[in-house]
Amino acid sequence: MMITVNLKPGLKRKRAGSPLQGVNERFKGLADKVKDPFLAGSVAVLIAVAAWLGWVFLGTTRELAALEPRLEQAKQEHRRFKTFLDQKRKQELIQDSLAKQIGTIRSVDADRYVWPHVLDEVARALPAYTWLTEVTTQGVTPSPPGAVAAAAPKGAKAAADSSADTVRPAITFLIKGRTVDIQAYTRFLRQLEASPWIVNVSPELVQTVVEKERAVTAFTVRAQFQTADSAYIRTVPLNQSVR
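The notes below deal with the structure included here.

## Here's the deal with helix α3 (residues 114-125)
Phase 1 of the analysis: Along its 12 residues, α3 runs 17 Å from first to last C-alpha, staying within 8% of the 16 Å computed at 1.5 Å per residue.
Phase 2 of the analysis: For α3, the full list of buried residues reads V114, V118, E121, V122 and A125. Down the axis of α3, the buried set is contained in an arc of 100°. They therefore lie on one face.

What follows is the structure, encoded as structure tokens:
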């Protein structure tokens, strides 16, 4: 503990000065030195602008630091989706190529079994005491989409190839034959019309001729071939095991 002794009685001890007193005096001296108020305002504005720019810079730096992880994540997502899209595009190209090849094969095989179907249906519709002398084609008749479906018997739909966008042209053919019974001829026409593979059956010529000293009825029938509905199509394997 320190004891202070006043050697000059009657005089009051001065109070200790404030630590900010020197700073205040310096600011007062600076204010006295600056005589131009516009200069002081300009300096204040420059200081404020510098402070604002510093604050903006710091804020932008913080935002940039916060956005960098999101940018990296977006880059990774872009690379992942780009790889996925490239694979999807490659698969679509392969699928289109396979579809074209299958369509080409189907278009080649489409007419391979036309005449077996025609002869099979004509033979199935042929009644007793009736025989054929000639079955010839009359060319291909272009048919618009829906024309074959409208002409299909019993409201059956025309089954077009799934790979084709339009209906195939109809194949027109002529059937010439003989019969000893006129009722067998009309039954032959009805059975042809009932076939799902044959449409537009129309008689062309019916006349009586002498064959082997016997009167018979000669007839000519015009018809068209169509692909039957899938309900009438049966497929069997090419190879079957025989026990």
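From this point, the discussion proceeds with the structure in view.
## Quick notes on the side chain of T217
Phase 1 of the analysis: Relative to the assigned elements, T217 resides in strand β4 (residues 215-225).
Phase 2 of the analysis: Beyond its immediate stretch of four places on either side in the chain, T217 contacts G177, R178, T179, I182, V206, Q207 and T208.

## Observations regarding the packing of aromatic side chains
Phase 1 of the analysis: According to the stated counting rule, one finds four aromatic pairs in the structure shown.
Phase 2 of the analysis: Seen from their ring centres, Y185 and F219 are 5.0 Å apart, and the 40° between their planes marks the pair as tilted. Of this pair, Y185 sits in helix α5 (residues 182-193) while F219 sits in strand β4, placing them 34 residues apart in sequence. Taken individually, Y185 and F219 each receive the classification buried, so the pair is uniform in this respect.
Phase 3 of the analysis: The interplanar angle of 15° and the centroid separation of 5.9 Å between the aromatic rings of W197 and F225 together place this pair among those described as stacked. Of the two residues, W197 sits in the loop between α5 and β3 (198-210) while F225 sits in strand β4, which places them 28 residues apart along the sequence.
Phase 4 of the analysis: Every member of this aromatic cluster is reached through a ring pair, and the members are Y185, F188 and F219.
Phase 5 of the analysis: Over the ring of F81 we find R80, and its NZ or CZ is 4.6 Å from the ring centre.

## Points about the side chain of Q224
Phase 1 of the analysis: By secondary structure assignment, the location of Q224 is in strand β4.
Phase 2 of the analysis: For Q224, a relative accessible area of 15% gives the class buried.
Phase 3 of the analysis: A polar atom in the side chain of Q224 sits 3.3 Å from the side chain of T172.

## A word on the nonpolar core
Phase 1 of the analysis: Ranked by internal contacts, the top residues of the largest apolar core, which has 19 residues, are V122, F173, L192, I198 and V221.
Phase 2 of the analysis: For this core, the secondary-structure elements that each account for two or more residues are α3, β2 (170-179), α5, β3 and β4.
Phase 3 of the analysis: Discounting residues that sit within four places of it in the chain, I198 has contacts with E121, V122, F173, L192, E193, A223 and Q224.

## What about the pattern of salt bridges?
Phase 1 of the analysis: If you walk through the whole model with that rule in mind, you get nine salt bridges.
Phase 2 of the analysis: Across the pair K88 and E92 runs a salt bridge whose closest N-O atoms are separated by 2.5 Å. Linking K88 with E92, this pair stays in helix α2 (residues 37-110), spanning four residues, or about one helical turn.
Phase 3 of the analysis: Among the residues examined, K88 registers a relative accessible area of 38% and is labelled partly exposed.
Phase 4 of the analysis: The salt bridge partner of R124 is E121, with a shortest N-O separation of 2.7 Å. Here R124 pairs with E121, and both are found in helix α3, just three residues apart, close to one helical turn.
Phase 5 of the analysis: Where salt bridges share partners, they join K82, D86 and R89 into one cluster.

What counts, and where the lines are drawn
Residues numbered from 1 in each chain as written. Predicted model: local features only at pLDDT ≥ 70, side-chain atom pairs only at ≥ 80, totals over all residues. Heavy atoms only, no water. Helix = DSSP H or I, 4+ residues; strand = E, 2+ residues; numbered from the N terminus. Expected span 1.5 Å × (residues − 1). Buried < 20%, exposed > 50% of the residue type's maximum accessible area, 1.4 Å probe, protein only. Arc of directions from axis to C-beta. Contact = heavy atoms within 4.5 Å. Phe/Tyr/Trp six-rings, centres within 6.5 Å; stacked < 30°, edge-to-face > 60°. Lys NZ or Arg CZ within 6 Å of the ring centre and 35° of its normal. Polar contact = N/O pair within 3.5 Å; in protein donor to acceptor, adjacent residues only side chain to side chain. Core = buried A, V, L, I, M, F, W, Y, C linked by side-chain atoms within 4.5 Å. Salt bridge = Lys/Arg side-chain N within 4 Å of Asp/Glu carboxyl O.

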